[in-house]
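As a plain string of letters, each chain reads:
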Amino acid sequence: MIKKFAFFFRLKAVIGLLLISGSFYIAECRAADKIPICFYSSETNINNFKSLKMEFDAYLSKFGSYEFQPFDNRENFEKHIRDQKKIVILVSGWHYGKIRNQYSLKPLLVGILNGKNFQKRILLSGEKTPDMDAAMKGSIASSGNAEYTKSILREILSKKDAADSVRILTVPKDVDALMSVGFDMAKAALTTESAFNTLKTLDPILHKKLKILAEGKESLLPILASPQEFVQESEKIVNILKNMPKDSAGMNIIKMLDLDGFKPFDPSSDDSKLEG
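Residues numbered from 1 in each chain as written. Predicted model: local features only at pLDDT ≥ 70, side-chain atom pairs only at ≥ 80, totals over all residues. Heavy atoms only, no water.

Take the sheet that holds strand β3 (residues 88-91) next. Strands sit in the order β2-β1-β3-β10-β4-β11 across an open sheet of six strands; the sheet is mixed. The sheet is open, and its two borders are formed by β2 (66-70) and β11 (261-264), each paired with just one other strand. Taken pair by pair, the neighbouring strands of this sheet meet at an average axis angle of 25°, ignoring direction. (Pairing = 2+ DSSP bridges. Helix = DSSP H or I, 4+ residues; strand = E, 2+ residues; numbered from the N terminus. Axes fitted to C-alpha atoms, helices over the stretch in contact; angles between N-to-C directions.)

Moving on to the pattern of salt bridges. Under the criterion given, the structure shown has 14 salt bridges. Of the charged contacts, one joins K53 and D57 as a salt bridge, the two residues approaching to 2.8 Å between their closest N and O atoms. Residue K53 and its partner D57 are both found in helix α2 (residues 49-60); the two are separated by four residues, about one turn of the helix. Residue R74 is joined to E147 by a salt bridge in which the shortest nitrogen-to-oxygen separation is 2.8 Å. You can see R74 sitting in helix α3 (residues 74-81) and its partner E147 sitting in helix α6 (residues 146-156), a full 73 residues away along the chain. What makes R74 buried here is its relative accessible area of 19%. Judged by its relative accessible area of 43%, E147 is partly exposed. Within the structure, one salt-bridge network assembled from shared partners comprises E43, R121 and D174. (Salt bridge = Lys/Arg side-chain N within 4 Å of Asp/Glu carboxyl O. Buried < 20%, exposed > 50% of the residue type's maximum accessible area, 1.4 Å probe, protein only.)

To continue, consider α6. Y148, T149, K150, S151, I152, L153 and I156 are the residues of α6 that are buried. The distance from a side-chain oxygen at the start of α6 to the backbone nitrogen of E147 is 3.3 Å, and the residue carrying that oxygen is N145. (Polar contact = N/O pair within 3.5 Å; in protein donor to acceptor, adjacent residues only side chain to side chain.)

Two elements in contact, helix α8 (residues 174-182) and helix α9 (residues 193-202), have axes whose closest approach is 9 Å; the angle formed by their N-to-C orientations is 65°. As α8 runs across α9, the sense of the crossing is right-handed. Residues D174, V175, L178 and M179 of α8 pack against A195, F196, T198, L199 and L202 of α9. Among the residues making up the contact of α8 with α9, the classes are represented as seven nonpolar, one polar and one charged. (Left-handed = near helix turned anticlockwise from the far one by under 90°. Contact = heavy atoms within 4.5 Å. Nonpolar A, V, L, I, M, F, W, Y, C, P; charged D, E, K, R; others polar.)

With respect to the helices and strands, S42 occurs in the loop between β1 (35-40) and α2. For S42, a relative accessible area of 1% translates into the label buried. Other than its neighbours up to four places away in sequence, S42 contacts S92, W94, H95, G144, N145 and Y148.

Here the focus is the environment of Q119. Locating Q119 in the fold gives a position in strand β5 (residues 118-125). Between the C-alpha atom of Q119 and that of G93, which follows or precedes it by 26 residues, the distance is 9.9 Å. Setting aside residues no more than four positions away along its own chain, Q119 makes contact with E43, Y148, T192, K217, E218, S219 and L221.

Restricting attention to buried positions, one finds in helix α12 (residues 248-256) the residues G250, M251, I253 and I254. Seen from one end, α12 has its buried residues packed into an arc of 160°, which puts them on one side. For α12, exposure combined with an orientation more than 90 degrees from the buried face picks out S248 and N252. Buried-residue contacts for α12 involve α2 and β11. The N-capping residue of α12, defined by a side-chain oxygen 3.2 Å from the backbone nitrogen of A249, is D247. Backbone geometry just downstream of α12 places D258 in the positive-phi region, at approximately 60°. (Arc of directions from axis to C-beta.)

Written as structure tokens, this is what we have:
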């Protein structure tokens, strides 16, 4: 009988330790959960995801339990953020306009470049491509993916169907799209006014040779957003991103996104530049 009681108490003690350690494990797992900043860009062909993530994660670790999660595929990105509540996303203004209602998103910040939070896409060709018809017969260089590029072309072309069959040459940066025309790798380039202005400094001769065939409307730069129910909790990460340009490490990361910084989203002026 004594042996049975001794065994019973030992068993009870073991179960108690397991329950305690199990509770500790659960608490530890919860503490280890990180709030993700999920990033996908339809407008820029970023090819250095590894270094971007490493730099971002190292920077964010100084402020709390956050991580940067870049995606190179829109379908995977949207599948991942579906039904997630504790999350913030960073996407192009064009992409945000497409999914904001479906995912019940609230815009928090918008990117800034050269003092503006919007951009305008323009279609340019070189001396060997005299008009729009000639441009559509060759490749169009663009830093955006094919879906985004064709969407903008449908917006600016008089012949909407021409965008469906055009060949897209995807390049890393907007300036690279212009260079592709200079090297006869593409008939035309879909790029931004900002990149075209930058080319004036980088290659003034090529800048003079290029001509604008068509212009798109103003669209917002990348937007940081969260699900509606997470807006209040996201204030800390919003402040972290707003303050990134104040130190060199943060500024270097912002530059990797082709931005100068972020500003609060202003519904009164910014909503009109959203699509979708």
